[in-house]
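Reading the structure
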Amino acid sequence: MAEFNAKQARAKRPCPLWVDAFQRDTQHLQADEVGAYMLILMAMWTRETCDFPDDDSRLARISRVSVRLWKSRIGPIIREFLQAADGAIFSKRLREEATYVERHCKEQSNRKNGKKSRKPLKTNKPGVSTDMTTDDTADIPPDKPTQQPNNPTIEEKDKSSSSMAKAVLTYQDYLDAHPNPVESPFGEVAFDDLVKAGTDPAQIVAAANSYANKVRSFSNPDFIQQSDNFLDPERGKWRQHVSKPNEPTATIAEQKIYWASQIKAGKGFGLEKQMAQTLVAGGHVTEQELAAAAGYNG
């Protein structure tokens with residue numbers, strides 16, 4: 001039996017389009033430029049390599065414009081959205097989507113053949129639009145760490161937070177904690193990028209828990225940011241909900257998470273020597289990262 005070809009299977013799936021992001025990125029384009037961009041993306045999606053030959057004649061043909069128009073106006077604009085390598089052009093974002101869909105195609109094939117696959121993502125609620133936000137209103141102040149029921153003692157909360165910090169948390173754990181989870185390849189990529197950059201997954205999950213606690217009072221669910229947008233590098237709110245060390249409800253474990261993220265980001269202003277030593281001794285940061293953090297003079 002021939003080996004399952006996930007790329008070939010993906011090429012037969014619908015090409016994903018995140019409307020809000022697409023409109024935001026292309027709002028300066030004319031109608032024929034938007035059409036050409038869409039046609040090229042769809043052409044890339046149908047190819048196993050998820051790219052298209054870097055040839056002006058073929059690009060003009062697939063865009064349904066003349067070669068002269070492609071070279072003079074449309075081509076230079078569309079190329080700003082794409083990257084070129086090995087005689088082909090491709091979209092980085094589209095390839096990320098392709099990787100996600102291919103993985104799910106492979107999982108479906110494995111389940112059909114009786115093979116074990118990882119736990120699939122689940123959506124607890126239907127997605128809602130996040131074009132409307134409350135960035136300029138009630139959502140500006142960072143929320144305090146989520147309170148546990150029955151008013152637990154500091155020692156109990158610290159023990160609970162420490163256990164979570166040591167656990168290997170996943171994107172699924174993040175979705176379970178978020179108040180508006182959506183099944184999104186971009187969200188999973190954003191989560192993985194944060195972890196690869198050194199962010200503790202427990203910190204992300206804790207921020208989602210904190211955000212969930214805050215939005216319980218929201219009367220309009222449209223103001224609740226979706227789980228994928230929550231991690232967006234530009235407009236995501238997750239960092240606003242990371243516990244700050246000067247908050248009276250912040251536990252020792254939460255302070256460690258906060259300061260570790262600050263040090264890894266190159267910031268050490270306000271960090272006390274004792275906490276710095278604790279972070280290094282616990283393996284949260286290295287001595288080199290600590291020495292390179294701006295503002296720390298321990």
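Criteria and cut-off values
- Residues numbered from 1 in each chain as written.
- Predicted model: local features only at pLDDT ≥ 70, side-chain atom pairs only at ≥ 80, totals over all residues.
- Heavy atoms only, no water.
- Salt bridge = Lys/Arg side-chain N within 4 Å of Asp/Glu carboxyl O.
- Helix = DSSP H or I, 4+ residues; strand = E, 2+ residues; numbered from the N terminus.
- Buried < 20%, exposed > 50% of the residue type's maximum accessible area, 1.4 Å probe, protein only.
- Phe/Tyr/Trp six-rings, centres within 6.5 Å; stacked < 30°, edge-to-face > 60°.
- Arc of directions from axis to C-beta.
- Contact = heavy atoms within 4.5 Å.
- Expected span 1.5 Å × (residues − 1).
- Core = buried A, V, L, I, M, F, W, Y, C linked by side-chain atoms within 4.5 Å.
- pLDDT = per-residue confidence, 0-100.

Quick word on the pattern of salt bridges
Applying the stated criterion to the full structure yields 11 salt bridges. With its nearest N and O atoms 2.8 Å apart, the salt bridge here joins Arg-79 to Asp-54. Here the residue Arg-79 occupies a position in helix α5 (residues 67–79), and Asp-54 occupies one in the loop between β1 (52–53) and α4 (56–63), the gap between them amounting to 25 residues. Classification of Asp-54 as partly exposed rests on a relative accessible area of 32%. The closest approach of N and O atoms between Arg-79 and Asp-56, which form a salt bridge, is 3.0 Å. Highlighted residues: Arg-79 in helix α5 and Asp-56 in helix α4, separated in sequence by 23 residues. Residue classification places Arg-79 among the partly exposed residues on the basis of a relative accessible area of 31%. Asp-56 gets classed as partly exposed once you look at its relative accessible area, which sits at 25%. What you see here is one network of salt bridges that share partners, running through Lys-7, Arg-10 and Glu-102.

Here we look at the packing of aromatic side chains
Per the counting criterion, the structure on display carries 7 aromatic pairs. Ring geometry for Tyr-37 versus Phe-81: centroids 4.7 Å apart, planes at 25 degrees, classification stacked. Residue Tyr-37 is found in helix α3 (residues 31–45), and its partner Phe-81 is found in the loop between α5 and β2 (83–85); the two are separated by 44 residues along the sequence. Ring geometry for Tyr-174 versus Phe-230: centroids 6.5 Å apart, planes at 20 degrees, classification stacked.

Re helix α2 (residues 19–26)
All of the buried residues in α2 are Ala-21, Phe-22 and Thr-26. The arc that holds every buried residue of α2, seen down its axis, measures 110 degrees, which confines them to one face. On its buried side, α2 packs onto α3.

Considering α3
The end-to-end C-alpha distance of α3, which contains 15 residues, comes to 21 Å, matching closely the 21 Å that a straight helix rising 1.5 Å per residue would cover. All of the buried residues in α3 are Glu-33, Ala-36, Tyr-37, Leu-39, Ile-40, Leu-41, Ala-43, Met-44 and Trp-45.

What to know about the nonpolar core
Counting 34 residues, the largest nonpolar core has Tyr-174, Ile-204, Phe-230, Leu-231, Trp-238 and Leu-271 as the members making the most contacts within it. Those elements giving two or more residues to this core turn out to be α8 (171–177), α9 (185–196), α10 (201–214), α12 (252–264) and α13 (273–281). Ranked by the residues each element gives to this core, the list is headed by α10, at 6 residues. Apart from residues no more than four positions distant in its own chain, Tyr-174 is found in contact with Phe-191, Ile-204, Val-205, Ala-208, Ser-227, Phe-230 and Leu-231. Listed in part, the 23 residues of the second largest apolar core include Phe-22, Tyr-37, Ala-60 and Leu-94.

A few points about the confidence of the model for the protein
With 77% of its residues at a pLDDT of 70 or more, the protein has an overall mean of 76. Throughout residues 116–167 the model reports pLDDT below 50, and contacts reaching past four residues in sequence, or to other chains, amount to 104 contacts.

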